[in-house]
Amino acid sequence: GLEIYKIYISPEASDEKVVKFASIFGVALALVSFAIAPQLESIESIFDWLQRAKTMASLPIITVFLVGISTSKPDAFSAKVGFVVGAAAYIGGQFLEEPHFLHIFFGCFLVALAAMFVAAYVQPLRRCFRQQPP
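Residues numbered from 1 in each chain as written. Predicted model: local features only at pLDDT ≥ 70, side-chain atom pairs only at ≥ 80, totals over all residues. Heavy atoms only, no water.

Moving on, we come to the packing of helix H3 (residues 46–70) against helix H5 (residues 101–121). Taken N-terminus to C-terminus, the directions of H3 and H5 make an angle of 40 degrees; their axes are 10 Å apart at the nearest point. In terms of their interaxial angle, H3 and H5 are classed as oblique. The two elements H3 and H5 cross, and the hand of that crossing is right-handed. Across the interface between the two elements, Arg52, Thr55, Leu59, Ile62, Thr63, Val64, Leu66 and Val67 of H3 pack against Phe101, Phe105, Cys108, Phe109, Ala112, Leu113, Met116 and Phe117 of H5. A class-by-class count of the residues in the contact of H3 with H5 yields 13 nonpolar, 2 polar and 1 charged. (Axes fitted to C-alpha atoms, helices over the stretch in contact; angles between N-to-C directions. Helix = DSSP H or I, 4+ residues; strand = E, 2+ residues; numbered from the N terminus. Parallel < 35°, antiparallel > 145°, perpendicular 65-115°, else oblique. Left-handed = near helix turned anticlockwise from the far one by under 90°. Contact = heavy atoms within 4.5 Å. Nonpolar A, V, L, I, M, F, W, Y, C, P; charged D, E, K, R; others polar.)

With that settled, the discussion passes to the packing of aromatic side chains. In total, this model carries 4 aromatic pairs according to the counting rule given. Their ring planes at 15 degrees and their centres at 6.5 Å tell us that Phe21 and Phe25 sit as a pair that is stacked. With Phe21 and Phe25 both in helix H2 (residues 15–36), this residue pair falls 4 residues apart, about one helical turn. Overall, Phe21 belongs to the partly exposed group, its relative accessible area being 27%. With 6.1 Å between their ring centres and 5 degrees between their planes, Phe117 and Tyr121 make a pair best called stacked. Residue Phe117 and its partner Tyr121 are located together in helix H5, separated by 4 residues, close to a single helical turn. In this structure an aromatic cluster arises from ring pairing among Tyr5, Phe21 and Phe25. (Phe/Tyr/Trp six-rings, centres within 6.5 Å; stacked < 30°, edge-to-face > 60°. Buried < 20%, exposed > 50% of the residue type's maximum accessible area, 1.4 Å probe, protein only.)

Bringing the side chain of Ser78 into the picture now. With respect to the element layout, Ser78 can be found in helix H4 (residues 76–93). Not counting residues within four places of it along the chain, the set of residues in contact with Ser78 comprises Met116, Ala119, Ala120 and Arg126.

Interpretation in functional terms is not warranted from these geometric data alone.
Encoded structure:
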(Lines give C-alpha, C1' and ligand atoms only; values in the text may rest on other atoms or scores of the structure.)
Protein backbone atom coordinates (compact mmCIF):
# COMPACT_ATOMS: atom_id res chain seq x y z
CA GLY A 1 0.00 0.00 0.00
CA LEU A 2 2.83 2.38 0.79
CA GLU A 3 4.48 2.08 -2.63
CA ILE A 4 1.29 2.74 -4.59
CA TYR A 5 -1.19 4.57 -2.39
CA LYS A 6 1.19 6.96 -0.63
CA ILE A 7 3.10 7.91 -3.78
CA TYR A 8 0.52 7.95 -6.58
CA ILE A 9 -2.97 8.15 -5.10
CA SER A 10 -2.76 10.24 -1.93
CA PRO A 11 0.69 11.64 -1.07
CA GLU A 12 -0.69 13.55 1.92
CA ALA A 13 -2.33 10.48 3.49
CA SER A 14 -1.61 9.75 7.14
CA ASP A 15 -0.01 6.49 8.25
CA GLU A 16 -3.33 5.25 9.63
CA LYS A 17 -5.01 5.85 6.27
CA VAL A 18 -2.22 4.03 4.42
CA VAL A 19 -2.53 1.03 6.76
CA LYS A 20 -6.31 1.01 6.32
CA PHE A 21 -5.95 1.13 2.52
CA ALA A 22 -3.34 -1.65 2.58
CA SER A 23 -5.65 -3.84 4.68
CA ILE A 24 -8.57 -3.27 2.32
CA PHE A 25 -6.32 -4.00 -0.66
CA GLY A 26 -5.10 -7.23 0.96
CA VAL A 27 -8.65 -8.42 1.62
CA ALA A 28 -9.68 -7.55 -1.96
CA LEU A 29 -6.69 -9.45 -3.32
CA ALA A 30 -7.58 -12.48 -1.20
CA LEU A 31 -11.18 -12.39 -2.46
CA VAL A 32 -9.99 -12.23 -6.07
CA SER A 33 -7.71 -15.22 -5.47
CA PHE A 34 -10.65 -17.13 -3.96
CA ALA A 35 -12.63 -16.44 -7.14
CA ILE A 36 -9.77 -17.46 -9.45
CA ALA A 37 -8.74 -20.66 -7.63
CA PRO A 38 -11.75 -22.80 -8.67
CA GLN A 39 -11.13 -21.84 -12.30
CA LEU A 40 -7.72 -23.52 -12.11
CA GLU A 41 -9.26 -26.89 -11.22
CA SER A 42 -9.86 -27.81 -14.87
CA ILE A 43 -6.27 -27.07 -15.90
CA GLU A 44 -4.19 -30.17 -16.63
CA SER A 45 -0.90 -28.65 -15.52
CA ILE A 46 -0.61 -25.61 -13.27
CA PHE A 47 2.98 -25.16 -14.44
CA ASP A 48 1.88 -24.97 -18.08
CA TRP A 49 -0.74 -22.39 -17.15
CA LEU A 50 1.79 -20.33 -15.18
CA GLN A 51 4.23 -20.47 -18.11
CA ARG A 52 1.57 -19.16 -20.47
CA ALA A 53 0.55 -16.42 -18.03
CA LYS A 54 4.18 -15.34 -17.62
CA THR A 55 4.64 -15.27 -21.38
CA MET A 56 1.81 -12.77 -21.67
CA ALA A 57 4.10 -10.14 -20.12
CA SER A 58 7.47 -11.40 -21.33
CA LEU A 59 6.57 -11.35 -25.03
CA PRO A 60 5.99 -7.57 -25.19
CA ILE A 61 8.99 -6.93 -22.95
CA ILE A 62 11.26 -8.91 -25.29
CA THR A 63 9.85 -7.06 -28.30
CA VAL A 64 10.35 -3.62 -26.75
CA PHE A 65 13.85 -4.56 -25.59
CA LEU A 66 14.99 -5.85 -28.98
CA VAL A 67 13.58 -2.85 -30.84
CA GLY A 68 15.07 -0.50 -28.26
CA ILE A 69 18.61 -1.83 -28.60
CA SER A 70 18.51 -2.24 -32.39
CA THR A 71 16.91 1.05 -33.49
CA SER A 72 16.81 4.63 -32.31
CA LYS A 73 13.57 6.08 -33.71
CA PRO A 74 10.81 4.26 -31.77
CA ASP A 75 10.12 6.09 -28.53
CA ALA A 76 8.17 5.46 -25.32
CA PHE A 77 4.83 5.82 -27.12
CA SER A 78 5.86 3.10 -29.58
CA ALA A 79 6.96 0.90 -26.71
CA LYS A 80 3.60 1.31 -24.96
CA VAL A 81 1.71 0.50 -28.16
CA GLY A 82 3.92 -2.54 -28.78
CA PHE A 83 3.42 -3.76 -25.23
CA VAL A 84 -0.37 -3.48 -25.32
CA VAL A 85 -0.72 -4.94 -28.82
CA GLY A 86 1.71 -7.77 -28.07
CA ALA A 87 -0.08 -8.75 -24.87
CA ALA A 88 -3.50 -8.55 -26.57
CA ALA A 89 -2.26 -10.63 -29.52
CA TYR A 90 -0.87 -13.29 -27.18
CA ILE A 91 -4.12 -13.45 -25.22
CA GLY A 92 -6.02 -13.81 -28.48
CA GLY A 93 -3.58 -16.47 -29.67
CA GLN A 94 -4.35 -18.61 -26.64
CA PHE A 95 -7.75 -19.39 -28.12
CA LEU A 96 -6.13 -21.07 -31.14
CA GLU A 97 -5.77 -24.81 -30.65
CA GLU A 98 -3.91 -25.94 -33.74
CA PRO A 99 -0.49 -24.20 -33.75
CA HIS A 100 2.19 -24.88 -31.17
CA PHE A 101 2.53 -22.17 -28.51
CA LEU A 102 5.96 -21.17 -29.85
CA HIS A 103 4.43 -20.48 -33.27
CA ILE A 104 1.82 -18.31 -31.56
CA PHE A 105 4.63 -16.59 -29.62
CA PHE A 106 6.53 -15.79 -32.83
CA GLY A 107 3.41 -14.55 -34.62
CA CYS A 108 2.55 -12.27 -31.69
CA PHE A 109 6.15 -11.03 -31.65
CA LEU A 110 5.80 -10.01 -35.30
CA VAL A 111 2.45 -8.31 -34.62
CA ALA A 112 3.91 -6.35 -31.69
CA LEU A 113 6.95 -5.44 -33.79
CA ALA A 114 4.74 -4.16 -36.61
CA ALA A 115 2.61 -2.19 -34.13
CA MET A 116 5.71 -0.51 -32.72
CA PHE A 117 6.89 0.57 -36.14
CA VAL A 118 3.42 1.79 -37.11
CA ALA A 119 3.28 3.80 -33.89
CA ALA A 120 6.70 5.28 -34.62
CA TYR A 121 6.30 6.12 -38.31
CA VAL A 122 2.59 6.76 -38.97
CA GLN A 123 2.12 10.42 -38.12
CA PRO A 124 -1.72 10.51 -38.13
CA LEU A 125 -1.72 7.86 -35.38
CA ARG A 126 0.75 9.87 -33.35
CA ARG A 127 -1.35 13.03 -33.75
CA CYS A 128 -4.45 11.11 -32.69
CA PHE A 129 -2.76 10.38 -29.35
CA ARG A 130 -1.18 13.86 -29.17
CA GLN A 131 2.37 12.57 -29.55
CA GLN A 132 5.25 14.51 -31.04
CA PRO A 133 7.23 12.93 -33.88
CA PRO A 134 10.21 10.98 -32.53
